[in-house]
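A structural walkthrough
Residues per chain, in single letters:
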2 protein chains.
Amino acid sequence: MAKSKKYVYSFGGKKADGKAEMKNLLGGKGANLAEMTNIGIPVPAGFTITTEMCTVYYKLNRKYPKELDKQIRNGINSIEKIMGGKFGDAKNPLLVSVRSGARVSMPGMMDTVLNLGLNDITVKGLAEQSGNERFAWDAYRRFVQMYGDVVLGLKPQSKTDIDPFEEIMDEVKKEKGVKLDVDLKTADLKELVKRFKTVIKKRKGIDFPEDPWKQLWGAVEAVFGSWMGDRAIKYRQINKVPHDWGTAVNVQAMVYGNMGDDSGTGVAFTRNPATGERKFYGEYLINAQGEDVVAGIRTPQPINTSTKSEKSQKTLEEVMPAAYKTLEAIYKKLEKHYTDMQDIEFTIQKGRLWMLQTRTGKRTAAAALKIACDMVNEKLIDKKTAIMRIAPSQLDQLLHPMFDPKAKKEVIGKGLPASPGAASGQAVFHADEAEEWAKDGKKVILVRIETSPEDIGGMNAAQGILTARGGMTSHAAVVARGMGKCCVAGCGDILIDYKAKQFESKGVVIKEGEWISLDGSTGQVMKGQVPTINPELSGNFGTIMQWADSFRTLNIRTNADTPKDSQVAKGFGAEGIGLCRTEHMFFEGDRIKAVREMILADDLEGRRKALLKLLPMQKGDFIGIFEVMNGLPVTIRLLDPPLHEFVPHEEASQKEMADDMGVSVEKIKQKVDSLHEFNPMLGHRGCRLGIIYPEITEMQSRAIMEAACELKKKGVKVLPEIMVPLVGDVGEFKHQEEIIRRVASETQKKYGIKVDYKVGTMIEIPRAALTADKIAEAAEFFSFGTNDLTQMTMGLSRDDAGKFLPAYVDLGFYKEDPFQALDQIGVGQLVEMGVKKGRSTRKNLKVGICGEHGGDPSSIVFCHKVGLNYVSCSPYRVPIARLAAAQAAIIEKH
Amino acid sequence: MAKSKKYVYSFGGKKADGKAEMKNLLGGKGANLAEMTNIGIPVPAGFTITTEMCTVYYKLNRKYPKELDKQIRNGINSIEKIMGGKFGDAKNPLLVSVRSGARVSMPGMMDTVLNLGLNDITVKGLAEQSGNERFAWDAYRRFVQMYGDVVLGLKPQSKTDIDPFEEIMDEVKKEKGVKLDVDLKTADLKELVKRFKTVIKKRKGIDFPEDPWKQLWGAVEAVFGSWMGDRAIKYRQINKVPHDWGTAVNVQAMVYGNMGDDSGTGVAFTRNPATGERKFYGEYLINAQGEDVVAGIRTPQPINTSTKSEKSQKTLEEVMPAAYKTLEAIYKKLEKHYTDMQDIEFTIQKGRLWMLQTRTGKRTAAAALKIACDMVNEKLIDKKTAIMRIAPSQLDQLLHPMFDPKAKKEVIGKGLPASPGAASGQAVFHADEAEEWAKDGKKVILVRIETSPEDIGGMNAAQGILTARGGMTSHAAVVARGMGKCCVAGCGDILIDYKAKQFESKGVVIKEGEWISLDGSTGQVMKGQVPTINPELSGNFGTIMQWADSFRTLNIRTNADTPKDSQVAKGFGAEGIGLCRTEHMFFEGDRIKAVREMILADDLEGRRKALLKLLPMQKGDFIGIFEVMNGLPVTIRLLDPPLHEFVPHEEASQKEMADDMGVSVEKIKQKVDSLHEFNPMLGHRGCRLGIIYPEITEMQSRAIMEAACELKKKGVKVLPEIMVPLVGDVGEFKHQEEIIRRVASETQKKYGIKVDYKVGTMIEIPRAALTADKIAEAAEFFSFGTNDLTQMTMGLSRDDAGKFLPAYVDLGFYKEDPFQALDQIGVGQLVEMGVKKGRSTRKNLKVGICGEHGGDPSSIVFCHKVGLNYVSCSPYRVPIARLAAAQAAIIEKH
């Protein structure tokens, strides 16, 4: 017969059955405990019951295979041998901890049970052995409570319920007239144990198990049981963790940091997690257990001088130099071994150091960059590894001002973190007022129910934007990100009263002129002026970017509508403009008047007249952008939004417009009414405008080509790519292309200049992706407009989805907000289809993406995978995109 | 060397080179002329230059291959031999006509040139030969004019220009003091010829070609040239006719119906095209040419007594009995030969009958049914052929009242023919007024800028609905079709003034209470009360439907929301309900109050309370429908529209609602505001409602299941199919399915009854089609909601597309309005993908379609092809769908 399957992996002494690579079988914690043991680091002996056992347990309908019992007994034997003591022994009892440990860290799983093995007999042995009766009984009463809570399920499920053990604790403290747990005497602790056991009997109908083996099996069962607990299941559904991964159980000999002043416990990082500085960094407590560090009742002390902030503090190095020295040797060994910064936990029992945990340490963006660069210099890792170590989205922290983490904050609401950054300013409620106040040198936050293109001036003038409605890709959010300006959108907490010029949030009223602060990275809205700090870009940032560029194959462009934005993006390494929206230009200064004149015109002649006024202005815009982007391609999208966005909807503004244009208010109202649409997103916009009003396409093409010709004469290298928006059928594209090419050839003839230009289209309507082969017969390039493509493919209006989309993410229908991370399962199919079909009829078709997803790391990896030529994102996300693109290239080669 | 290619096909005498099957090569006209010749029918001899020649002509850059000249000469020789006379001969000249003739009849192509071969010499020969100098010169002046107009291009291109020949004609008539052409003397005609030639010289710089061969080549060139004329190209683009089909040229010996009282010309149908009666039916003119019949200057006479309407009329049978007898023999022969009703043209020259054309005759729906049935009885055709002969869309005529074709009409506007039928009534401008007036026994037409679900009562009470905005699938259109009620939608001509209660259209003002008439089949809006006739369904209708059912494999269901609609549809042969919309039920009577109470509720408890009021009402609805559909499946869609459709948007109604509910108007306004969406089509609707408010799904499921249980107890066979709308991810479906199945099992337990029910979903979001494999793992059936699927796939809001969609059809981007005929190229891909993917994970997945396309013949053929199980359409389209489905099945087997 075959040897029975191994379900229990021991570790201790200097050797372990497992190792770091066995994370899938042993869980993260178990694998690292084994690994530490193997490399000679002192770890309390123990064993890990495998994740496989968990799966078998459920397959056998919550039963264990026969062989497990023996393997566990062997595991305990092995601990006894290494650590001394005997499980259940009256004199020298071995006590263990039991912890769950899955492949990935997972909330909703069983908490730790400490001191397992104690009972009315062994407690005496522990007292004798430790020479401290109170310590022994304190451990015992803690164990009974933990066991009752965690294993027997007495822990309250809702926050309003009371833990029966806490209740008893309060009773006894009251009876004894003491305030703190530590003031309870040994006798009191004994009384507690008694009452705890009584409540268990009363509530669960069973006696507290005195038999340590029963205790152990109970705890193991509780760990496996918690794997299928409601919270754990839900967590896995949301995070797409397969149910059959299972959890491991770690059983480990107890060590005590609370055995007197020669004992202690602590946590440390092998490098500074905030700055990345190569200095050992950590805190400890003397005579304490791990729980005490977490509970925050006592203030931990620095382990060494580089951690120390006040002179008076006593470091571990000073207090227990020998243990510290050992710790120092260990952390160095660990870092070298794992080749990454580690987050470690240790306990010192009567002067002897034990390691309880090591794992990769979390760090700030700045620290991540520094550590990655340093480790390459230290030859610990190679450049590829360095690149893979940094989460691209983390870089965002570095590119925007941030609130001083030490500042006090009064949070009065929370919305969507729509555009990162930190901003403080005086609240104003109208865009024009924002502009006026800003002119007076004031810092303002523009607070609106929602924003519209008319508000752009005010948004630009403001430090930040706060809206009550709209999602991550609402107008406010998109424009703010384009501007690199902080924005909190869709903050349902706030109720805005435009008339009274104030808003209320959670009972706090903020009037016009009062200071508020916005955190665009967390979505927090704070009262008052929270101080900010302006992180500087370190040399490490540049180094990492340079390395990233050497790996990536995807080009990175930017979405920019102004020379200023273009300049910023170029500074961040943009290799061209992937989306220049011409409509924003229509709002500046007096232009809006000409635009409105065009809209109001009754005939072609009237429209042409108004367009003639716009021509030189648009030309000027393009000249500015082309100059900045000298030598780099610039994709210009023709007019896209429905015309109603350009007309005023409020009576007063309509009146003003009427006076301005010398027509009746009725005429304005009539026109505005006639432009009303039920679903403007699917309405008369994009190339549908240029098809019904070819003169608009004509004017824009002329402005682009004249700008290009004039600059080329001056020696600027201009590479315009004219993009027709919202094409659903090749016929639409050809119609617009014909106008563009005609105007281009006329203009080039006029100037006697040849310009290297391209005509292409946005793929943003599902039908465009479905018929991409036909469209590519005419179009020279594609740019996926994944914002609209997502809206149409998923049937989601990004401005309205706030009512259900958060619930959809919570319920796990979508892993992430599909407007932030491309929905690869659905929308991704169309992107892939579009690329394949497009290239089937035009081999060298240039394909990019210019939706918001162009700046999202996971989406960038997808774009690389499906063979896009470039991604385009807002200027401030260019570095993120460069890094993500490098990671995509590295992943692909592995 | 290979024999040179044959480009010229002769016909005449009793034999022809071509035949009917050679339509692609010879064009429709040429093929039928050859066919008639072959079966021994007297056709003036001639020849056809093939369509292939046209293609070669363009390939050779508007040149001919060498061999053509000889072939044409042979063709002319052959005519000379058969007809006598010689081309260009001074004594006995042969004259010919030249006509274009493509595979399909096509406007924009060259008109006919008659009398070709005449010149200053041959005219004399014609005069002598005919013994009628005036006749000869009249033919000559007609020829010069036609040649100048058509071949030399003097025909004015715009309507405002004047034909130079007409101008001369007017001059000469004025000079001669005569009014009619026929009053011109021979000398006058000679003068005309002279002046005509002068104007040609003056305008074109060339002499009129006297050489008949030159004339002939010129005419051939003109026919081929017209194939690439702007109008012809545009027509082909729109109708997707390939440019390389080419046109044929028909050259045929002239025969004359204007050679005296023993001559004549006429057109006839082999059966009555209006009624289908098996009686020869036609008109003729004595001493006239074909043109004269068309010109309408003289009133044609009936050919026989069955055509005669007045006693005084002289029939051809009486006037020329011999010729008539020949004609009678010929029409019988033709009909037997072609096995279909023919539309023929004939000319009698000096007592001798010549056939000039035969083609399949157009007919009314009633005639089509009768002819098809009769011909099967006559054993002329089989049932399959009979089925294929009837255009399904034609049946519409039979199912709705229609205007008396003889009535006088004052058309004051034209909109979209949104729902067929004819309706007259007094104009009213508000839905509630429509209801009130109707209660008083008045017939009303509801005139609205657009309609909303609140207007349903008024729409139901009205005879017809007229809207200024909205497309073929706007609310008004969809609801009207569902009701089988006449509707003209999106009539941009009318300007409605709600305050003044009137509308203006093309200068005509219609006030409230004035009579107007709507033609829902043409989109015409007429002033006054146009009398209607109510066509009766003949036995032929039933016969054809019965035959259709024997061929079709596709099931036909109906979209019906009421027992009444269900009854109508069942009468028309519906085999189940494919879409029962529950939201319409929410508007009836007091229900809307409960619905609003639910919407206004602040918490779950409040919503449950309101829903409890709705439960018995919904249950009642379902009982009514289930009873009617006893034994047939009923697909019920859970609540779909966004909640804002249920709340009032006008101040007065809001006030009323506030009073009703005992809350402040502000609260109502606030709620209404909070429900506002930018793009409601993509907003919080469909299953998104049921997910955020599961209690709604619960109530609806309970109503369905309780209704089913109660009826089943009474012996009614109930087959509910519960449909979850707007699913985009399988997660959403499962969420709703779980609620439905839970409620179903509770209800069945409660009643102790087992109901055979299914849970499925609508596929109407592109992502649903893209992930159909996953969805089908859970869903038992799919129903394609192609209205919304079209909107999202094409990025078109059906309510807003009116501004550009008509232009898109005109420009040929889309062949048809995609809301009427399924866009097979784009949306069709998703339907096909959805079916394939769905069945890949659930083999027996039941798939149907419930969008408007379910009633469109071409879409039904597509649905059959991609393997759908059923189509569902509005009750009045059920017969159309049955026929189209039969045709699809027949096509597939061929």
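Thresholds, definitions, all that
Residues numbered from 1 in each chain as written. Chains lettered and ligands numbered in written order. Predicted model: local features only at pLDDT ≥ 70, side-chain atom pairs only at ≥ 80, totals over all residues. Heavy atoms only, no water. UniProt positions renumbered as here; feature names shortened; annotations may be inferred. Helix = DSSP H or I, 4+ residues; strand = E, 2+ residues; numbered from the N terminus. Pairing = 2+ DSSP bridges. Axes fitted to C-alpha atoms, helices over the stretch in contact; angles between N-to-C directions. Contact = heavy atoms within 4.5 Å. Buried area = accessible area lost by both parts, 1.4 Å probe. Salt bridge = Lys/Arg side-chain N within 4 Å of Asp/Glu carboxyl O. Polar contact = N/O pair within 3.5 Å; in protein donor to acceptor, adjacent residues only side chain to side chain. Buried < 20%, exposed > 50% of the residue type's maximum accessible area, 1.4 Å probe, protein only. Parallel < 35°, antiparallel > 145°, perpendicular 65-115°, else oblique. Left-handed = near helix turned anticlockwise from the far one by under 90°. Core = buried A, V, L, I, M, F, W, Y, C linked by side-chain atoms within 4.5 Å. Least-squares fit on C-alpha atoms with pLDDT ≥ 70 in both. Expected span 1.5 Å × (residues − 1). Domains from an automatic or database assignment.

So, the UniProt feature "domain: Pyruvate phosphate dikinase AMP/ATP-binding" (unreviewed entry) in chain A
Residue and element names in this part refer to chain A.
- Within this numbering scheme, the UniProt entry marks residues 24-60, 67-311 and 313-378 as carrying the feature "domain: Pyruvate phosphate dikinase AMP/ATP-binding" (unreviewed entry).
- Taken as a whole, residues 24-60 contains 65% helix and 11% strand, while its terminal C-alpha atoms sit 21 Å from one another.
- Secondary structure across residues 313-378 comprises 53% helix and 26% strand; the distance between its end C-alpha atoms is 32 Å.

A look at the sheet that holds strand S33 (residues 846-849) of chain A
All names here are of chain A.
- The strand order around the closed barrel formed by eight strands is S27-S28-S29-S30-S31-S32-S33-S34, and the pairing between neighbours is parallel. For this sheet the average axis-to-axis angle between neighbouring strands, irrespective of direction, equals 30°.
- The pairing of strand S29 (residues 633-637) with strand S30 (residues 719-724) spans five bridges and is parallel. If you follow Arg 637 over to S30, its bridge partner there is Met 723.
- Here helix H32 (residues 827-841) sits on the sheet and contacts strand S32 (781-784) and S33; the angle it forms with S32, its principal contact strand, is near 180°.

Notes on the interface of chain A and chain B
- At the interface, 52 residues of chain A touch 52 residues of chain B.
- Buried surface at the junction of chain A and chain B, both sides included, amounts to about 4600 Å², of which 58% is carbon and sulfur.
- Interface area lost by chain A to chain B is led by Phe678(A), Arg767(A) and Lys803(A), which between them contribute 15%.
- Remark: the boundary between chain A and chain B carries two salt bridges.
- Linking Arg767(A) and Asp823(B) is a salt bridge whose minimum nitrogen-to-oxygen distance equals 2.6 Å.
- There are 28 residue pairs in polar contact (both at pLDDT 80 or more) connecting chain A and chain B.

Examining the side chain of Thr582(A)
All names here are of chain A.
- Position of Thr 582 among the secondary structure elements: in the loop between strand S28 (577-581) and helix H21 (591-600).
- On the basis of relative accessible area, Thr 582 is assigned to the buried category, the value being 0%.
- Discounting chain neighbours no more than four positions away, the residues touching Thr 582 are Gln 618, Phe 622, Ile 636, Arg 637, Leu 638, Leu 639 and Gln 700.

Describing the packing of helix H19 (residues 539-551) of chain B against helix H34 (residues 878-893) of chain B
Residue and element names in this part refer to chain B.
- Two numbers describe how H19 lies on H34: the axes approach to 8 Å, and their chain directions differ by 45°. It follows from the interaxial angle that H19 and H34 lie oblique. The way H19 lies across H34 gives a crossing that is left-handed. Between H19, through Phe 541, Ile 544, Met 545, Ala 548, Asp 549 and Phe 551, and H34, the contact on the second element is made entirely by Pro 879, Arg 882, Leu 883, Ala 886, Ala 889 and Ile 890.

Comments concerning the nonpolar core
- Counting 270 residues, the largest nonpolar core has Phe626(A) and Phe626(B) as its most contacted members.
- Leave out the neighbours within four places in its chain, and Phe626(B) touches Val634(B), Ile636(B), Ile704(B), Ala707(B), Ala708(B), Leu711(B), Val716(B), Val718(B) and Pro720(B).
- One finds Phe47(A), Leu118(A), Val123(A) and Ala222(A) within the second-largest nonpolar core, a separate group that totals 71 residues.

Examining the relation of the copies chain A and chain B
- Mapping chain A onto chain B calls for a screw motion: a turn of 180° about the axis and a shift of 0.0 Å along it, with 0.3 Å RMSD after fitting. Taken together, the rotation and translation describe the operation of a two-fold axis. When C-alpha distances to the rotation axis are compared across chain A, the minimum falls at Asn679(A), with a value of 2.1 Å.
- Most of the interface of chain A is mirrored in chain B, where 100% of its interface residues are also at the interface.

Some points on the pairing of strand S12 (residues 342-349) of chain B
Residue and element names in this part refer to chain B.
- With six of eight residues buried, S12 is to be regarded as a mostly interior element.
- Relative to S12, strand S9 (residues 264-269) is paired through six bridges, and the arrangement is antiparallel. Within the sheet, the bridge partner assigned to Gly 266 lies in S12 and is Phe 346.
- Relative to strand S13 (residues 352-360), S12 runs antiparallel, the two being bridged by eight bridges. Paired with Ile 344 across the strands is Thr 358, a residue of S13.

Structural notes on helix H27 (residues 730-751) of chain A
- Under the 1.5 Å per step criterion, the end-to-end length of H27(A) is 31 Å for 22 residues, consistent within 8% with the ideal 32 Å.
- Immediately downstream of H27(A), the backbone of Gly752(A) shows phi near 65°, a positive value.

Regarding the domain arrangement of chain A
- Examined at the domain level, chain A breaks down into domain 1 (8-253), domain 2 (264-363), domain 3 (401-533), domain 4 (552-642 + 677-893) and domain 5 (644-676).
- Look at where the C-alpha atoms of domain 1 of chain A and domain 4 of chain A centre, and you get two points 59 Å apart.

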